[in-house]
Amino acid sequence: MTTPAGEADADEELLAAVRAGDTAAYGVLYERHRTAARNLAYGLVTDHADADDLVAETFAKVFATLRAGRGPLVSFRAYLHTTLRHVCYHRARRDRRLEFTDDLSRYDAGEPFRDPALDRLERTYAARAFRALPDRWRDVLWRTEIEGASPAEVAPQLGLTPNAVAVLAHRAREGLRRLYLQQHVGAADPPECRWAGERLGGRVRGRLAPRDSARLDTHLAWCAECRARLAEVTEIDQPRHRPYRQRNPAGPPG
């Protein structure tokens, strides 16, 4: 759902008013975009109460961002939807780490549990990252990872040696991982924060050029918000980023 041109122009004026301290202007933005936000939230979570909580938290987060002088100058709805997806993702990760039980035993391995909303969001991020890859990288990943072909089988199709296919596939997987991590970085308004955010995935994967790395270090030294974003992406990249295992409150069978 897109915003009509007339509304988009009015949104820009309302955003400026909110930054200037006009709370009522944010109320207008809320009334104008809450239905679209709810429709998106209902697609991410199954419970309507959870969806309403998600929308409320998203609007509160965006309001705080605008009052702090950050956030969008234009395209409010796109920014709102991006923020909502990230809030949904963070809530799912947070809830996945919670454990409600009066059994403190560590002998019950439990059953693997995956949150459907988190899975949908992760698949969306993975699909976006895959589409952003160069054609040649997408091609080699599809043939080797999806179709299960070996480098020797793919080599004649691409006009390469098996070793060259293996190297190309490794670069493509690394590029996919970097772009996947980048999907978890929310948009930032200040130009230097936006520049830094676009390189956090590369930083985590050790793929930044020395000059960019030095510039990013300088920025991170004073920007706490970007340091928090880097820590978040780093956590996502860790091997321990696995499904939560739900415990059996009754304990293991005796």
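Structure: see above.
Residues numbered from 1 in each chain as written. Predicted model: local features only at pLDDT ≥ 70, side-chain atom pairs only at ≥ 80, totals over all residues. Heavy atoms only, no water.

### Thoughts on the packing of helix α11 (residues 210–222) against helix α12 (residues 224–236)
For any two helices packed against each other, the geometry is given by the interaxial angle and the distance between the axes.
Okay, step 1: For the pair α11 and α12, interaxial distance at closest approach is 6 Å and the crossing angle is 115°. It follows from the interaxial angle that α11 and α12 lie roughly perpendicular. On the side of α11, the interface is formed by H219, L220, A221 and W222, while α12 contributes A224, C226, R227 and L230.
Okay, step 2: Along the lines of polarity and charge, the residues of the contact of α11 with α12 split into six nonpolar, one polar and one charged. (Axes fitted to C-alpha atoms, helices over the stretch in contact; angles between N-to-C directions. Helix = DSSP H or I, 4+ residues; strand = E, 2+ residues; numbered from the N terminus. Parallel < 35°, antiparallel > 145°, perpendicular 65-115°, else oblique. Contact = heavy atoms within 4.5 Å. Nonpolar A, V, L, I, M, F, W, Y, C, P; charged D, E, K, R; others polar.)

### Concerning the pattern of salt bridges
Okay, step 1: In total, this model carries 11 salt bridges according to the counting rule given.
Okay, step 2: Here E174 and R205 are joined by a salt bridge, their closest N and O atoms 2.8 Å apart. Pair noted here: E174 is in helix α8 (residues 162–182) and R205 is in the loop between α10 (200–204) and α11, with a separation of 31 residues, a long-range link.
Okay, step 3: Ionic pairing is found between E198 and R199, a salt bridge with its closest N-O pair at 3.5 Å.
Okay, step 4: You can call R199 partly exposed: its relative accessible area is 21%.
Okay, step 5: Residues joined in a network through salt bridges with shared partners are E174, R205 and R207. (Salt bridge = Lys/Arg side-chain N within 4 Å of Asp/Glu carboxyl O. Buried < 20%, exposed > 50% of the residue type's maximum accessible area, 1.4 Å probe, protein only.)

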